[in-house]
Amino acid sequence: VKTKKQERHSPDGKGHRSGIVNGRPAHGAGAPGRIEHLTWLSDGLLLVAGSVAIGGASKLSASVILRGEVVGAEAEGTFYDAAQDRPDGVRGALFVVRCDSGALTGKIPEGLALGAGRAGAKFGPAQLPAKLDDLSTLLRQTVAPLDAEARSRVLQFLVSATRDRLCGSSGLRTSRALFRAREALRERLPLAEIGRDTPLAGHVDAFAAVGPSSFYIRGWLASTAGPLTRVTAVSPEGCRAELLDRLFHRHRPDVNAFFAVSEDGGIPKLGFGCYFEADAPSHLTEGWLIEAANACGDEIEVVVPDPVRDLVTVRNTLLADVSWDPDDRALLVDHVAPAVKQLQRQRGPARIKKVAQYGTPPPDPAVSIIIPLYGRIDFVEQQMAQFVHDAEISQADVVYVLDSPELSQTAFALAPQLAQLYRVPFRLAGLESNVGYSEATNAGASLAHGRLLLLLNSDILPDRPGWLGRMVAFHDATPEIGALGPKLLYEDDSIQHAGLFFYREAQSGLWCNNHYYKGLHRTLPPANVTRAVPGVTGACMMISLELYRQLGGLSGQYVQGDYEDSDLCLRLAEAGRENWYLADVELYHLEGQSYPSQVRRLVAGFNRWLQDHQWSPFIERVMLKYSSNIRVVEPERPARAKHT
Amino acid sequence: MSKPRVLYVCHGHPSLRPGGAEVYALELYRGMREQGEFEPVFLAKGSRGSGDLPWHPGTQFGLVDGEANQYLLSANGYHFDWLYHTITDKQFYTRDVHEFLLAVRPDIVHFQHTVYLGYDMILQVKNTLPEVPIVYTLHEYYPICRQGGHMIRTVRNEELCERDSPERCHECFPDVSPQMFFMRKRFIQSHLSLVDVFLAPSRFLRERYVEWGIPAEKIRFEEYGRQPVSPLPDDGERRRDRFGYFGQLASFKGVHVLLNAMKLLAPHGSEATATRAGRPSGPAAAGDSDPSPANQPHLWVHGANLELQPGSYQNEIRSHLEATKENVTLVGRYVPTDLPRLMQNVDWVVVPSIWWENSPLVIQEAFAFGRPVICSGIGAMVEKVSDRINGLHFRVNDPVDLARVMAEAANAPGLWEQLRGGIPPVYGIKDHVKTLAGVYRELLERKLAGRGET
C-alpha cells in the first residue's frame, strides 16, 4: 500500500523508493535549487513551492526562521512536474510545512530547512522569495497548468498533508484554504441534469454530518447506459471518499417511474443510502459534491445540499430512513446503526458545569433520587408541591440534573425560589451540553451521596407519602435484588407500569418491551402481587449505587430515554440478580407529554432493534424463566380444559 | 392581654372592585371588629390603577383610606398563572407575604379567596407561622374548575358539569393536556391540605368539594351573614307582575334565558305560545288570567359589565334588549345603597343562573326585602329557595318554562302574598360573626391543647 501511495506522488510513474530524491548535501556550496513561492494556509501551516532536489511523500523534519527565531516544523512534499535531465535532479515541488507554533503566522520566512543531514536542504534569504504570495497566485504559477490527473494528485497531497490541521482551533481556516485550492485545481464534470434522455442522472436528498469526518448521504443515481463504475463523495476540502462498494441500494419507485428503467432481474434499486467516514474532517457547509461515472464513460457531478449538523435533526434523519422491511436490514446494520453509535459518542460524556445545593442537605441520606430534566422544568414545582408533604424526601439526597443547557438560567433562577417556598432540600446540576437521558442520569449518579439510587422521571408524582421508605425496606430485605420498581399509574388511575416484560413482535420478529397490565385499572388483582419480573422501568427504579457503578450505569448507546432501563435490567439478570416489582407502592407517571410521537416511534424502533440485536438469545432465556408471568396476560384456555 | 388577631385575605377590595365576595369579606371584617372578641386585619389584593402599579416604590403594600388594619397587596412585577393559580416568582410569597405575616403576626388566617394571590400563599402561612390555624371560605368552584370556577362545560352546548376528571377537563380545554389537569388538581390539593377548616356557604357546594377530595370533616356549612335592612313599606293589594334582575350581565348568570322568556311574554310577541307551552304542566291559574296589554309583566334589569363579556354574547344580549323594548327596561349599574329603592319597584326577583351557584347573595337580598324569588331549579339555588314556599323554580336554561312560571307569578291571585309569607328570616351578620368567632376560638383551643400534648 505504501509503495502505491508513493507512486501516486511521482508523476513519472517510476516512484522513489526512499521518498526522497537524491539531492546534493545540504552542507554543500549553496542549496540545490530555490524556493519560488510561499503562502500561509492557516495558523502555522505554510505552503511552499520551489525547484528543489529533495521531495517525496515522506515526512521530513524541518525548521523555519521567522523574525530571527527558529521555529520547529515538519514537512511533507510532492514533485509536481516530471523529472528533467538535470544532473542535480532539481524539479518543481510543493511542500506543506507544519510549524510547531502558529504564533508567527503571516510573517515572511528568513530561512527554511527541509530534511536533515545529507538528505536535507537549507534555503537562506538568497534562495527564498522576498514576499509572500496568495494561495491562488502560487497555484496558478505552479500546478494549475498541469493536466487533470496531476492536479487531482496535488489536491490529494494537500488534503493528506494538512489533515492534522483540519482538527483543532485552526481547522476552519485550513478548510477554507483547502476549498480555495480545490476550486482552483479541480476538474469540473458536467452538472447532473434530470431529464428522461440523460444517460446518467442523480440527486442527493439528504446529507447529514454525523461527526467531524463521518457523514450520511441519501439520494438516487440512475444510469441508463451501463452500470455505475464510480461514485465518489468529494468534500469541500477536496478529500475524496469512494462510495460505490459501500452504497446501500434501495427501491425508489418514483425514480424508476420517471426514467422507465427496468432490468432483466427485475426493477433496479436506484435509491441509495450510505454512511461513510472521510479521511479528513470537513468543516464547511457548502461545496460537497458527488461524482459519478458509468460503464459508457458518462460522468456527472451532483451538488450535495448543505450538511445538517444539529445532532437531533441528524439523528431523526437517520432514523427516518430505517424501514423495517427485512430486505432493508443491511441499511440499518451497516449504515444507520454505526452512524447513530457515532452520534451518541459525539454527545457524551456529560460534563457537569455547575452544582448548586438548596436548603440544608440531610446528614446521612440512604437514597439519592436522581431526576433528569429535559425540555421542561415546570415539573420541579409540581414534584415539590408533593414532596413537601413527605418527610422522607427531605431525608433523601434529591439531585435534579438539567440536560437542557438552554434552560440553565431559568432553572437556576427558579430553584432557589422553590427551595425557599417548599423547604425541601435538593441539588441542581447543570450540564454543559445536552447529552441525553442515559448520560445525564449517569452524571447525576456520579454526584450521589446515598448508598441507594432512585432513578426518577420528573413527570412522576407520588400517590401518597411514605413510598420511598417502603421501597428502601423492600430493597434491603430482598437478597440478590437487582432493580426495584413500583406500580406506576396514568392520571386516570389506569396502570402505566406493573413490571416490564419482553415479547416478540410478530411482524418484525424483534423482542419488544412491554409493561404488565398497562391500561388496566390500578386495583386489578394480578397487578397487586409483588413479584420478581424480567425488568422494571427506569422512570422509577431503585438500585444500589455500588451495583450501578459495577455495571457502568445506563448504556449510552440507546437513543433518548428508552430501552436503557431494560438493557440495565438484562445486564442485572446476566449478573445473576433478580429484578422486582413492588405492588403496594404507587406513583403517577404523566409520561410523554411533550415528546412528538412521530420522533418517539422512530427512536423506539431503533432502540428495539438495537436491544434485540444485542440481547435476543438472552431475552429468550429470561422470558422462558418468567413465562408464568405472561400467562396472566394471556388466557390459559388449554390449561383450564386439562384441569377440569 | 391583647385580643387574638385574625387576618382576612381577599382577592380584591370593594373600594377597587365591588364584587359580591369582596363586599361580603369586608362586611365580615367590620362585623368581627364590632363584635370585639378578635382584632381583625384585612388584606386584599389591589394595585394602583389598571396597570397593577405598586402603591409606593419598593413595597407591594398600600393602605385603604389611611385605615390602620386594612392593607392592599399589589402583585406589581409578578405573573399570575391562571391554570394553577400561582404567582410564578415565588419571592412574592417568600419575601412579600412572609414579611407581612411576620409584621402583623395574626393568630388566625382566614382566606376569603386566593385568585390573583395563588394557593401557595397558604403554604407560606404555614412556613412563616407554623402554628397558626388556617380557615378558607370556598366561594365558588375555582379549585375544581378551570372554567372560571363555574362548572359549566365549554362543550356539548355548555352543559352543567357534575365532576372533574383530567380527561373531561381536557375536553373543555383542548390546549391543556389531561396530565396538566391532573397536576393542577394535585398542586391545588397540596396547598389546600394545609387548611384546618373550610367554610361552605351552601350544602350543595360542600358536597361538591367532598366529592372532589376535601375530607368531609374539614368542611363546615356556614351561610353568608347579611347586614340587616329596613323592611319595605307594604304597597297594598295589586297585580304582582313586576320582575327584577340583579347581577352581572354575564352568560353564566343566564340573562339571555330571562330575556328570551320576556320575548315570549311580550305583548306583540309569542306570549300566547308561552302560556300554551306552559299550560300542560303549569297550574290551572296560569291560563285563567286576562292577557290584556295593560297587564303585561315587565322586567327591570339591574346590572352591568356587559362590556366585559365576549363580543358574541354582547351582541346576543343587545339584540334581545332591542326585541324586548316594550316589556324590559335596562336600568344598568347599581350600588348596594340603591337596593331598597330598586327592590321597592319590583315584586319578584329572578335568578336565572345556568351554573350551580354557591349561595347567591341576590337571593338573600331579595328575601331581606320580602321579595319571593324565581330561580333555576338546580344546585345551591334550590337549596336556598323552596319551590312554592318562598319562590318558584323553573327548568334551568329553558326560557319557555321560565315564561310559563313568570306568567303564573304575574297572574295567579294571592300567590305572591303566599310566597312572601314563606320567606325565612335572613341570617344576619351578627349571628354569622358569632359562629365564626366560635370556630376561631375552637381552633385556638385545639392548637393550645396540641401544644400541651407535645
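Residues numbered from 1 in each chain as written. Chains lettered and ligands numbered in written order. Predicted model: local features only at pLDDT ≥ 70, side-chain atom pairs only at ≥ 80, totals over all residues. Heavy atoms only, no water.

1. Topic: the confidence of the model for chain A
All names here are of chain A.
And then number 1: Counting all residues, the mean pLDDT for chain A is 87, and 88% of those residues have values of 70 or more.
And then number 2: Considering only residues more than four positions removed or in separate chains, one finds that residues 1–30, a stretch of pLDDT under 50, has 50 contacts.
And then number 3: Of the regions scoring below 50 in pLDDT, residues 630–644 engages in five contacts with residues more than four places distant in sequence or in other chains. (pLDDT = per-residue confidence, 0-100. Contact = heavy atoms within 4.5 Å.)

2. Description of the packing of aromatic side chains
When we look at a pair of aromatic rings, we describe it by the centre distance and by the angle of the planes.
And then number 1: Summed over all chains, the structure comprises 36 aromatic pairs over all chains.
And then number 2: Judged by centre distance (5.6 Å) and plane angle (65°), the rings of phenylalanine 474 of chain A and tryptophan 580 of chain A are edge-to-face. Of the two residues, phenylalanine 474 of chain A sits in helix α12 (residues 467–477) while tryptophan 580 of chain A sits in strand β28 (residues 578–589), which places them 106 residues apart along the sequence.
And then number 3: Ring-pair connections join several aromatic residues into one group, and the members of that group are Tyr141, Tyr209, Trp212, Phe252 and Trp355 of chain B.
And then number 4: One residue, arginine 91 of chain A, lies across the ring of phenylalanine 79 of chain A, its end atom 4.1 Å from the ring centre.
And then number 5: When the ring centre of tyrosine 116 of chain B is taken as origin, the NZ or CZ atom of lysine 45 of chain B, which lies over that ring, is 5.5 Å away. (Phe/Tyr/Trp six-rings, centres within 6.5 Å; stacked < 30°, edge-to-face > 60°. Helix = DSSP H or I, 4+ residues; strand = E, 2+ residues; numbered from the N terminus. Lys NZ or Arg CZ within 6 Å of the ring centre and 35° of its normal.)

3. Details of the side chain of threonine 142 of chain A
All names here are of chain A.
And then number 1: Mapped onto the elements of the fold, threonine 142 is located in the loop between α2 (135–141) and α3 (148–161).
And then number 2: For threonine 142, a relative accessible area of 7% puts it in the buried group.
And then number 3: A polar side-chain atom of threonine 142 sits 2.6 Å from the main-chain carbonyl oxygen of leucine 138.
And then number 4: In contact with threonine 142, other than residues within four places in its own chain, are His37, Ala49, Tyr80 and Leu94. (Buried < 20%, exposed > 50% of the residue type's maximum accessible area, 1.4 Å probe, protein only. Polar contact = N/O pair within 3.5 Å; in protein donor to acceptor, adjacent residues only side chain to side chain.)

4. Brief notes about the pattern of salt bridges
And then number 1: Counted according to the given criterion, the structure contains 63 salt bridges over all chains.
And then number 2: A salt bridge links glutamate 591 of chain A to lysine 518 of chain A; the shortest N-O distance between them is 3.7 Å. Residue glutamate 591 of chain A is located in the loop between β28 and α15 (597–625), and its partner lysine 518 of chain A is located in the loop between β25 (511–515) and β26 (531–533); the two are separated by 73 residues in the primary sequence.
And then number 3: Using a relative accessible area of 34% as the deciding quantity, one classes lysine 518 of chain A as partly exposed.
And then number 4: The residue arginine 333 of chain B makes a salt bridge to glutamate 307 of chain B at a minimum N-O spacing of 4.0 Å. Within this pair, whereas arginine 333 of chain B is found in the loop between β13 (328–332) and α11 (339–344), its partner glutamate 307 of chain B is found in the loop between β12 (298–302) and α10 (311–323), the two being separated by 26 residues in sequence.
And then number 5: A relative accessible area of 49% means that glutamate 307 of chain B is categorised as partly exposed. (Salt bridge = Lys/Arg side-chain N within 4 Å of Asp/Glu carboxyl O.)

5. Description of empty space enclosed by the protein
All names here are of chain B.
And then number 1: Going through the model one piece at a time under the given rule, you end up with 10 cavities of 30 Å³ or more.
And then number 2: Counted as a void, the largest cavity has a volume near 120 Å³.
And then number 3: Along the walls of the largest cavity sit 14 residues, with Cys145, Arg146, Cys161, Cys169 and Cys172 positioned nearest its centre.
And then number 4: Per-class residue counts for the lining of the largest cavity are eight nonpolar, one polar and five charged. (1 Å grid on protein atoms, 1.4 Å probe; cavity = no way out; pocket = protein on both sides within 12 Å on 5 of 7 lines; lining within 4 Å. Points joined across faces, edges and corners; volume = space filled by probe spheres on them. Nonpolar A, V, L, I, M, F, W, Y, C, P; charged D, E, K, R; others polar.)

6. A short note on the environment of serine 368 of chain A
Residue and element names in this part refer to chain A.
And then number 1: Following the sequence through the fold, serine 368 ends up in strand β17 (residues 367–373).
And then number 2: Along the chain, serine 368 and methionine 542 lie 174 residues apart, while their C-alpha atoms are 9.5 Å from each other.
And then number 3: Other than its neighbours up to four places away in sequence, serine 368 contacts Asp397, Ala448, His449, Gly450, Leu452, Leu453 and Leu454.

7. Topic: the sheet that holds strand β8 (residues 134–137) of chain B
Residue and element names in this part refer to chain B.
And then number 1: Pairing is mixed across the open sheet formed by eight strands, whose spatial order is β3-β4-β2-β1-β7-β8-β9-β10. Strands with a single pairing partner mark the edges of an open sheet, and in this sheet they are β3 (61–63) and β10 (219–221). Going from strand to strand, the sheet's axes swing by 25° on average, the running direction of each strand aside.
And then number 2: Running at roughly 160° to strand β2 (residues 39–45), helix α1 (residues 20–35) makes contact with β1 (5–10), β2, β4 (70–73) and β7 (108–111) of the sheet. (Pairing = 2+ DSSP bridges. Axes fitted to C-alpha atoms, helices over the stretch in contact; angles between N-to-C directions.)

8. Quick look at the pairing of strand β14 (residues 348–351) of chain B
Residues and elements named next belong to chain B.
And then number 1: Both faces of β14 are covered, namely the face carrying Trp348 and Val350 and the face carrying Val349 and Val351.
And then number 2: As paired strands, β14 and strand β15 (residues 373–376) are joined by three bridges and run parallel to one another. Residue pairing in the sheet places valine 350 in a bridge with isoleucine 374 of β15.
And then number 3: Read as a crossover between parallel neighbours, the route from β14 over helix α12 (residues 361–368) to β15 is right-handed. (Right-handed = clockwise from strand over helix to strand, strands pointing away.)

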